[in-house]
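Geometric and topological summary
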Amino acid sequence: MKYSEIKIRFCGIAGDGIVASGKILAGACANIGLHVMVNNIYSAEIRGLGKSSATIRFSTSKLYSMGDGLDLLVGMVSKESIIDLRDVKVGGNVIYDISTVGDVAEEDSLVSHITPEIQGHGLPLKKLANEATGTNQGKNLVAIGAISYFYSLPPDMFIDQIKSVFAHKGEHIIDVNINAFRLGYEYFREHYPLNNQFEIDKSSEPRALTSGNDAIAKGAIDCGLKFFAGYPITPATKIMEIAAKELPKLGGWTLQMEDEIAAIGAVLGAWFAGKRAMTATSGPGLSLMSEMINLSVMSEIPTIIVNVQRGGPSTGLPTKVEQGDLNIALYGGAGDSPRVVMAPSNSEECYSGIQLAFDIAEKYQTPVIFLSDLFLGQRIETVTIKENIARNRCTRKKPTSEQLEDFLRYQITDDGVSPMIVPGEPGAVYSTTGLEHSVTGNPNYESDVHSMMTAKRFRKFESMVADLPHANILGDETAEIGIAGWGSTIGSILEGMDIAKKKGVKTKLIKSIMIHPQREDLFREFFASCKKIIVPEMNYQGQYAALLKSRYGIKPIEVHIPAVEPVSPLKIAQKIMETNSELSK
Amino acid sequence: MSFLSKKSVLEEFEKAKASKTKEWRDNLPTWCPGCGHFTGLHGLYEAAETLKIPPKDFVVVSGIGCSGRFPFFIKGFGLHGLHGRAIPIATGIKVASPDLTVVVVGGDGDGVGIGGGHFPHAARSNFNLTYILLDNSIYGLTKGQISPTSPMGMKSGTSPYGNIARPINPTTLALAYGATFVARTFSRERDMVSELITKAIQHKGFSFIHDLSPCVVFNKDVTYNSLNSVTATLPDDHDVFDRSRAMALAESTDPIYQGLFFREEIPSFDDHVQKVKDGLNQPA
Ligand SMILES: Cc1ncc(C[n+]2csc(CCOP(=O)(O)OP(=O)(O)O)c2C)c(N)n1
Ligand code: SF4
Ligand SMILES: [Mg+2]
């Protein structure tokens, strides 16, 4: 068989080196210029309990999602891997530990559940690992050795990777791991002389790997982040950990606060003091922040909140993905309370998007909520990041020397943006408040003042539109079926569109990192050109669809995909095919 | 030390205001005549004068309440934020811009009720902030409901049958939380208020002033008169470096002591940060 794309899952329990397997395989593939995406799943939040898995998909062409069926399942443990058999494609393969087959009852044995449409390959994982390392560790490398032979992936690419992953552990560990790799390779060569061939383009350059969380942290730091305040929460904590490590080196600082209200409060304070600042959280934390978001709106102090969505409501599903926080991001809080909502769809957009978020917050003195999700935040993928393109593009509107003389912090202007000064700089002083206020910042509850100030706060959003990136239209422009999506679901939609295209059905997609405000002109034009509109998203209510319906008056076919796992491209393709047959009726 | 009547508190304030109008007055205070909060504001004026803090470097952050109005009455930067959340906002300002003088002001409801979760962490982190808690044992702005410092049995609109919970003592809290400068004042003793606020701002680290600041409109139980009969200055021989003695004196309800209970000179948050940064800048 010839392959240009493969999806492999390692399934095991703590100590099996599952995450390391993903790292080595992904790193090796990225190094030889392949496109890679990795999704790690932990069934329990506490390490040392339960099973975990690493799914690695690699390809010679760009990947947008985790795709569907597995080409290969590596069951490092028997019983826990049985359930994953259902994810193996027809014609796919399973590697099971032949050295432990007799250790468990038949109903708990992986090999006895392998159905005829998949191929089982025994590999003495435990035995060979023991031989190589003298311990129970190293099963993962035995498996990777077998995989290297199985798909004719050059062993060198793995050896290099093993050396770099284990570099900090010393020569001995590197040697035993390479040994484990060789034993796995040799075993497969002897027992399964197959004829699989993965097509590698030898001229490709190595690719960088990143997670969405890493990309957000790096993007923020590269555009001038100086202060981070947060409160640990899955799946956003990684962003804070990176900030904690990096900011002090750059003259900044990170504070772990007592709760999310304090975190966003401190961020607001830092912006007031003239520094670029940010917090990162997930649903429960965002809920606590609503009152501060209101204060940011009212006092026109910029704020950046990254919200890495997990399953909700309440404590919900802390380790599973969902796109359920759009409504609270858009509407959470009291009063007429406009805020910017953005949603990146991949790691590249995490990097460039957060920089745009900083620019918008700074220029328009507004809160920006940056909605990532657990899948996007944690998955690791190959990227091409154009670094520092946006560094400090915008600065705050400062008063002219004339304006400074009689400084009006909330001066009424055409674009709604008023000059803002920073404590410590000479010239003027002012007080700000979450109370409605006049142009000076003094509390004022007159109805005219309230109308004028509310209009000013909303006017900033109209001015902002000119600065927004265009909405992208992808796919076939002449298609009658249009799709609108947001966030990490976009990747699955793109691959679903591809599957449909191969079956002869044309589609197009409108995608924008901006959820609010949006380039409404482009969306209207797009919707007008579609006969049917599909809006798939990972929540029960259809939160994005609701926004589009009220904003554009469309009547889309809504696809509410219960979360927990990233969206299957096949499901999207199915919906497209169904919609197509309705159209041709 | 001058004991002032309700009326003369106001007169004294007017005098102080007149003398410092140019530098420190922005808007006229909106409090009820006789409100204890005037003394705290006056103390802050005096401190800023004495320490010659330029308005551009002076930031007052407040919560919501009658006490929360401070930022509008000073000449400096002000942030009138959210009920209970002044401390974290001030923290962000100070960490982002350590050269500013940042003072936090709020009420008893604000500081040990809704915002009670922030106080311990600012204290134990030893942020270089001054926190003035204006305690009138009532929710003043919302027109008279019991607060966390109201005495047991106190009746109010929301406690028609009497307050069932025991009052919190903010001075002992500050000591327990690890604040490095802890003082209690009474708004009738104007000079002591000014003097201790000045010292608090000079202190390197987290300084706390528990100012007994009666609400003359809504609190009929905790009043100038009731406090007058129980307040006393700290014993002359009190050692301000003795934390456990400070705690014992702070717990006393008869008399209720005023003065500087405790002071400790340890590295502030800013010092620790500087040390980390210096370490990182060392060539490897
Ligand atoms: C989240 C929130 N809840 C309730 C209020 C209403 N509120 C405003 S001030 C206040 C209490 C003020 O009491 P205190 O903090 O003791 O200040 P004082 O007015 O007595 O100086 C309350 C409950 C609010 N502003 N915000
Ligand atoms: S209501 Fe009480 S606390 Fe508020 S201003 Fe009047 S006297 Fe002061
Ligand atoms: Mg009060």
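Quick look at the structure, then. (Residues numbered from 1 in each chain as written. Chains lettered and ligands numbered in written order. Predicted model: local features only at pLDDT ≥ 70, side-chain atom pairs only at ≥ 80, totals over all residues. Heavy atoms only, no water.)

To continue, consider the sheet that holds strand β18 (residues 472-475) of chain A. All names here are of chain A. Ordered by their spatial adjacency, five strands build an open sheet running β18-β20-β19-β22-β23, and the pairing between neighbours is mixed. Each of the sheet's edge strands pairs with one partner strand only, and the pair in question is β18 and β23 (557-560). Pairs of neighbouring strands in the sheet enclose a mean axial angle of 25 degrees, with direction left out of account. Of the pairings in the sheet, the one linking strand β22 (residues 532-537) to β23 comprises four bridges and is parallel in character. Across the sheet, Glu537 pairs through a bridge with His560, a residue of β23. (Pairing = 2+ DSSP bridges. Helix = DSSP H or I, 4+ residues; strand = E, 2+ residues; numbered from the N terminus. Axes fitted to C-alpha atoms, helices over the stretch in contact; angles between N-to-C directions.)

With that settled, the discussion passes to empty space enclosed by the protein. For the structure on display, the rule yields two cavities of 30 Å³ or more. Of all the elements in the fold, those that place two or more residues in the lining of the largest cavity are β3 (35-42) and α13 (374-378) of chain A. When residues of the lining of the largest cavity are assigned to their parent elements, the largest contribution, four residues, is made by β3(A). The residue inventory of the lining of the largest cavity, partitioned by class, reads seven nonpolar, four polar and two charged. Taken as a whole, the second largest cavity encloses approximately 40 Å³ of empty space. Considering the residues around the second largest cavity, the lining is formed by B:Gly84, B:Arg85, B:Ala86, B:Ile87, B:Asp110, B:Gly111, B:Gly115 and B:Tyr131. Breaking the lining of the second largest cavity down by element, the ones donating at least two residues are α3 (86-96) and α4 (108-114) of chain B. Looking at the lining of the second largest cavity residue by residue, the classes come out as three nonpolar, three polar and two charged. (1 Å grid on protein atoms, 1.4 Å probe; cavity = no way out; pocket = protein on both sides within 12 Å on 5 of 7 lines; lining within 4 Å. Points joined across faces, edges and corners; volume = space filled by probe spheres on them. Nonpolar A, V, L, I, M, F, W, Y, C, P; charged D, E, K, R; others polar.)

What follows covers the interface of chain A and chain B. Each side of the interface is counted separately: chain A has 41 residues, and chain B has 34 residues. For the pair chain A and chain B, the two sides together bury roughly 3,000 Å², of which 71% comes from carbon and sulfur. When the area that chain A buries against chain B is broken down by residue, the three leading residues are A:Trp253, A:Glu258 and A:Val429, summing to 19%. Joining chain A to chain B, the criterion identifies zero salt bridges. For the pair chain A and chain B, the interface holds 13 residue pairs in polar contact (both at pLDDT 80 or more). Of all the secondary-structure elements, those providing two or more residues to the side of chain A that touches chain B are β11 (253-256), α8 (260-272), α10 (290-299) and β17 (431-433) of chain A. For the side of chain A that touches chain B, the element with the highest residue contribution is α8(A), accounting for seven residues. Residue classes in the side of chain A that touches chain B are distributed as 24 nonpolar, 11 polar and six charged. (Contact = heavy atoms within 4.5 Å. Buried area = accessible area lost by both parts, 1.4 Å probe. Salt bridge = Lys/Arg side-chain N within 4 Å of Asp/Glu carboxyl O. Polar contact = N/O pair within 3.5 Å; in protein donor to acceptor, adjacent residues only side chain to side chain.)

Moving on: the coordination of the magnesium ion (ligand 3). Within the first shell, the magnesium ion (ligand 3) binds the protein through B:Asp108 (OD), B:Asn136 (OD1) and B:Ile138 (O), at distances of 2.0 to 2.2 Å. The motif formed by the donor residues of the magnesium ion (ligand 3), counted along the single chain, is D-x27-N-x1-I. (Donors = N, O, S within 2.8 Å, 3.2 Å for Na, K, Ca; no water.)

Residues and elements named next belong to chain A. The end-to-end C-alpha distance of helix α15 (residues 447-464) is 26 Å, a good match for the 26 Å that 18 residues give at a rise of 1.5 Å each. The set of residues buried in α15 consists of Val449, Met453, Thr454, Lys456, Arg457, Lys460, Phe461 and Met464. Buried residues along α15 sit against α10, β14 (340-342), α12 (347-364) and β21 (514-516). (Expected span 1.5 Å × (residues − 1). Buried < 20%, exposed > 50% of the residue type's maximum accessible area, 1.4 Å probe, protein only.)

Residue and element names in this part refer to chain A. For α8, spanning 13 residues, the distance from its first C-alpha to its last is 18 Å, which sits close to the expected 18 Å at 1.5 Å a residue. The buried fraction of α8 amounts to 13 of the 13 residues, a majority that puts the element mostly inside the structure. Two to three positions downstream of the cap, the backbone nitrogen of Ile261 sits 3.0 Å from a side-chain oxygen, assigning the N-cap of α8 to Asp259. Within two residues after α8, Gly274 carries a phi angle of roughly 95 degrees, on the positive side.

Bringing the packing of helix α6 (residues 212-222) of chain A against α12(A) into the picture now. Residues and elements named next belong to chain A. Here α6 crosses α12 at 35 degrees, and the two axes come no closer than 8 Å. The handedness of the crossing between α6 and α12 is right-handed. Where α6 approaches α12, its residues Gly212, Ala215, Ile216, Lys218, Gly219, Ala220 and Asp222 are matched on the opposing element by Ser347, Cys350, Tyr351, Ile354, Gln355 and Phe358. Of the residues in the contact of α6 with α12, the class split is seven nonpolar, four polar and two charged. (Left-handed = near helix turned anticlockwise from the far one by under 90°.)

Here we come to the site of ligand 2. Every residue near ligand 2 is listed here: B:Trp31, B:Cys32, B:Cys35, B:His37, B:Cys66, B:Asn136, B:Cys215, B:Val216 and B:Phe218. Tallied by class, residues from the shell around ligand 2 come to seven nonpolar, two polar and no charged. (Near = heavy atom within 4 Å.)

What follows is about the side chain of A:Ser347. Residue and element names in this part refer to chain A. For Ser347, the location among the structural elements is in helix α12. Judged by relative accessible area, which is 0%, Ser347 ranks as buried. With sequence-adjacent residues up to four places away left out, Ser347 is seen in contact with Thr210, Ser211, Gly212, Ala215, Leu376, Arg379, Glu381 and Val383.

Around ligand 1 lies a shell of 18 residues, among which B:Cys66, B:Ser67, B:Asp108, B:Gly109 and B:Asp110 are the nearest. In this structure, ligand 1 sits where chains A and B come together, each supplying nearby residues. B:Gly109 places a main-chain nitrogen or oxygen 2.9 Å from an oxygen atom of ligand 1. With respect to ligand 1, the backbone of B:Ile138 contributes an N or O atom lying 3.0 Å from an oxygen atom. Residue contributions to the shell around ligand 1 peak at four residues, all from α4(B). Of the residues belonging to the shell around ligand 1, the class tally is six nonpolar, nine polar and three charged.

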